Amino acid sequence: MHRRPRIPRAKAQPMEFLIISALNGVIYGLLLFMVSSGLTLIFGMMGVLNFAHASFYMLGAYIAYTIATTVDFWLGLLVAPILVGLLGIFIERYLLRRVHSHGHAHELLLTFGLAFIFEELIKLFYGDFPVNYAMPDYLRFAGFTIYGTDYPFYRLFIGFVAVAMFITLYLLLSRTRAGLVVRAAERLPAIAESLGHNVPFVFMGVFGTGAAFAGLAGAVAGAFFPTNPNMALELGVIVFVVVVVGGLGSLEGSLVASLLIGLFSSFAVGLDWSLAGLLSWVGLGDWARSVGGVFTLTLSSISGTVPFLLMLIVLLVRPAGLMGERN
Amino acid sequence: MRGKSLGLAMGVAMALGWPAGAGHAEALKIGIIESLSGAQTSTGRLFATAAQYVVNDINKNGGFNGAPIEIIEYDNAGGTTGAADKFKQAVADGVHVVLQGASSAIAGQVTEDVRKHNIRNPGNEVMFINLGAEALELTGDKCHFYHFRFTTTAPMRVNALVNAMKKAGDLGKRVYAINQNYSWGRDMEDATKAAAKTGGYEVVETVLHEVNKIQDFAPFVAKIKTANPDTVITGNWSNDLLLLMKATGDAGLKVRFATTFLDQVGNIANGGQTVLGHYIAHPYNIEADDKGFPEAYKAATGHLPVYIEPQTVNAIRTLGKALKGVDFKGGEVSVTEIAKALEKASIETAIGPVSVRAEDHQAILPVVVSKVVENPKYPVDGTKLGFGVVETIPGPKAIYPVQGSCKMDRPS
């Protein structure tokens, strides 16, 4: 029987709440960025809204799981993005390119269909249930302890990978020749082509890179969150919200939006705000509580809706997103 | 041409008053309207497998009404719209009994559709056997004569958990309730508050959150930590349970979880050591059963009975028992007669008897309180862990009073 010393009821110390919530929010935000960076890259460079993007995330997790259970966890992290990237290249070369001339609607429908196919394929090979993809035991320790709460090292690892991803992508696009060519191919494909650059090849590479990033995100995050056939569906919607809020195609925008959504969701959980509480400032609190319904709905019970609320507001105020170019 | 002449021949045969052979008897048709694609496939498929298992058994022993029972699968695609569509289809196919279990929201749709259909088509009723939808309103506000529920509800699970954990000294004085924000989660929250007095605890805080939308439970864990509970009672299932327990374990927070769906396939493997020592109340635990059923089930389906499969098997077995009590002599099947027989039917299982309460058609069934332990007789998910039996509560003790909101119109 365990008996803990009885700590007197500690009602949310403001400092503790602030720090813990911020930490949780930032890490979750970085995870969102990890998944959405590839999507925003593909959209920004190619104009393709890739509905199958979250499926790449799922595939990455399953490939990493397969390798981690047969060979080694770290090899899984390395191989998963490569295989998913190759799959992305294949899809771009043999599927997307064929429908490209028919316009964006066809590309969108194609990727939409692919998402379903991947989901069913995963179910076919790995079954309907979550698989046991876990980090190796030596990574399962507390990074540090804050206010008596262990902070898992792996969460920090997720954050670290995301930051590394952002820096790599950012430097690649803004500081290298390859990035210059990619941006040229996106802005003025005809001129880039006449200057001797192979534009279709560039697009293929971009799509592959985007897919590989999603694959890496899956390999890293899948070991922390459950790896199951629904993971694409679960994260897919929120990733689109990130990209829309950040501004379609803007890498920095994605980062800012991811962090915002992470922080908002995290803080919303801790705050028992309701309309009734708001109305009690003007003396209508008791009335609102007696009416109930929407008035007593606390913010924490709708924390999952916060990202969508944020998207609505951003779309109303800045239709092109926080850092979108076409404002 | 050929079909026409065959029909003609049969018509002549009937007109001449030839005795109807076994092939002409009206077969009982069972329709499973389940989530056979989409996010809840894993659970939907289990309901279908378990139902099929018992029906095969009945058919081996001569079927019903002089014909084998037919079982037809309908995919509701995990939504109420799909379920409503497929219900119409099932009626058109001449289905007598509808089965469904995954999601109380879908069960709410199906039970309403069945009720309306029966009002509009007297003499041609359909009955609904609810295999796993636990929302109280299904046997409360929405109860009707043609709906039968063969699973537990929130008060049955929570009361069992609270009593068993209190006896074991694992409950503590401070209880936290975290649940999903829909009918089931609200039922759980209410049941947790209602059991506070008998359990001798204080509900320190309650939280409702959205269903399977939250990826990161760390903020909720921070919230739980501030409230400093001994035990967290939760009705969460699927990701919402797994993520919550993992996040709690990762944060090094020492609380005891009292759960209701920890036995969902894959949970133990995914949770790993984190889930060790936590509790669950469920309608079945293989450790409490004798060898007979689990081995027979494995021989037929390829796996030991898991999650909601045993309760489904018991439900269809009870239906089979009811069918033995009615005889239509190869003629037309009367669903009303079957429903009346089902009200009185009961079966024996190794864990305890299962019967139906006539007032609201809630099944009276045993509830098992278990704890995740190392090296049990039947480890699950390919791990060393499994569910050790803490206490088996017999049906009559586990059941809750009939809800006053249930006003059932009984056929004469």
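For the structure, see preceding data.
The model shown is predicted, which means the values in this text are computed figures rather than measured ones. (Residues numbered from 1 in each chain as written. Chains lettered and ligands numbered in written order. Predicted model: local features only at pLDDT ≥ 70, side-chain atom pairs only at ≥ 80, totals over all residues. Heavy atoms only, no water.)

Draft legend 1. Structural context of the packing of aromatic side chains. Enumeration according to the criterion identifies 30 aromatic pairs over all chains in this entry. Measuring from ring centre to ring centre gives 5.1 Å for Phe 51 of chain A and Phe 112 of chain A, while their planes differ by 80°; the resulting arrangement is edge-to-face. Placement of Phe 51 of chain A in the loop between α1 (14-46) and α2 (53-70) and of Phe 112 of chain A in helix α4 (residues 104-126) is noted, with a sequence separation of 61 residues between them. Look at Phe 112 of chain A and you get partly exposed, because its relative accessible area is 39%. Between Phe 64 of chain B and Phe 328 of chain B, the ring centres sit 5.9 Å apart and the planes meet at 85°, which makes this aromatic pair edge-to-face. Note that Phe 64 of chain B is positioned in the loop between α2 (41-60) and β2 (70-75) and Phe 328 of chain B in the loop between α12 (309-324) and α13 (335-344), a separation of 264 residues in sequence. A cation sits over an aromatic face here: Arg 93 of chain A above Tyr 94 of chain A, 5.0 Å from the ring centre. Here Arg 357 of chain B stacks its cationic end above the ring of Tyr 400 of chain B, 5.2 Å away from the centre of that ring. (Phe/Tyr/Trp six-rings, centres within 6.5 Å; stacked < 30°, edge-to-face > 60°. Helix = DSSP H or I, 4+ residues; strand = E, 2+ residues; numbered from the N terminus. Buried < 20%, exposed > 50% of the residue type's maximum accessible area, 1.4 Å probe, protein only. Lys NZ or Arg CZ within 6 Å of the ring centre and 35° of its normal.)

Draft legend 2. Focus on the packing of helix α3 (residues 73-100) of chain A against α4 of chain A. All names here are of chain A. Orientation of α3 relative to α4, taken along the N-to-C sense of each, is 140°, at an axis distance of 9 Å. Relative to α4, α3 is oriented oblique. α3 and α4 meet at a crossing whose hand is right-handed. Contact with α3, carried on its side by Leu 87, Ile 91, Leu 95, Leu 96, Val 99 and His 100, involves His 106, Glu 107, Leu 110, Thr 111, Leu 114 and Phe 118 of α4 and no other residues of that element. Partitioned by chemical class, the residues of the contact of α3 with α4 number 8 nonpolar, 3 polar and 1 charged. (Axes fitted to C-alpha atoms, helices over the stretch in contact; angles between N-to-C directions. Parallel < 35°, antiparallel > 145°, perpendicular 65-115°, else oblique. Left-handed = near helix turned anticlockwise from the far one by under 90°. Contact = heavy atoms within 4.5 Å. Nonpolar A, V, L, I, M, F, W, Y, C, P; charged D, E, K, R; others polar.)

Draft legend 3. Local environment of the sheet that holds strand β12 (residues 354-356) of chain B. All names here are of chain B. Read from one edge to the other, the open sheet built from 3 strands follows the order β11-β12-β13, with strand pairing classed as antiparallel. Every other strand in the sheet has two partners, leaving β11 (346-347) and β13 (363-364) as the edge strands with one partner each. Where β12 meets β13, 2 bridges bridge the pair, whose relative direction is antiparallel. Bridge assignment links Val 356 to a residue of β13, and that residue is Ala 363. (Pairing = 2+ DSSP bridges.)

Draft legend 4. Structural context of empty space enclosed by the protein. The full count for this structure, using the stated rule, is 8 cavities of 30 Å³ or more. Computed from the structure, the largest cavity encloses a volume of approximately 260 Å³. Residue lining of the largest cavity: 27 residues in total, with Pro 152 and Arg 155 of chain A together with Ala 218, Ala 247 and Asp 250 of chain B positioned closest to the centre. Every element with two or more residues in the lining of the largest cavity is listed here: α1 and β2 (149-152) of chain A together with α8 (218-227), α9 (239-250) and α10 (267-271) of chain B. Here the residues of the lining of the largest cavity sort into 14 nonpolar, 6 polar and 7 charged. Space inside the second largest cavity adds up to approximately 120 Å³. If you go around the second largest cavity, you meet 15 residues; those closest to its centre are Pro 130 and Asn 228 of chain A together with Ser 42, Ser 238 and Gln 264 of chain B. Looking at the lining of the second largest cavity, its residues break down into 6 nonpolar, 8 polar and 1 charged. (1 Å grid on protein atoms, 1.4 Å probe; cavity = no way out; pocket = protein on both sides within 12 Å on 5 of 7 lines; lining within 4 Å. Points joined across faces, edges and corners; volume = space filled by probe spheres on them.)

Draft legend 5. How the structure looks around the interface of chain A and chain B. With 46 residues of chain A in contact, the opposing surface of chain B contributes 42 residues. Of the roughly 3900 Å² buried between chain A and chain B on both sides combined, carbon and sulfur atoms contribute 47%. The interface formed by chain A and chain B holds 1 salt bridge in total. A salt bridge links Arg 155 of chain A to Asp 216 of chain B, with the shortest nitrogen-to-oxygen separation between them at 2.8 Å. Secondary-structure elements contributing two or more residues to the side of chain A that touches chain B are α1, α4, β2, α9 (231-246) and α10 (251-270) of chain A. No other element matches the 4 residues that α1 of chain A contributes to the side of chain A that touches chain B. Residues that form the side of chain A that touches chain B fall into these classes: 19 nonpolar, 15 polar and 12 charged. (Buried area = accessible area lost by both parts, 1.4 Å probe. Salt bridge = Lys/Arg side-chain N within 4 Å of Asp/Glu carboxyl O.)

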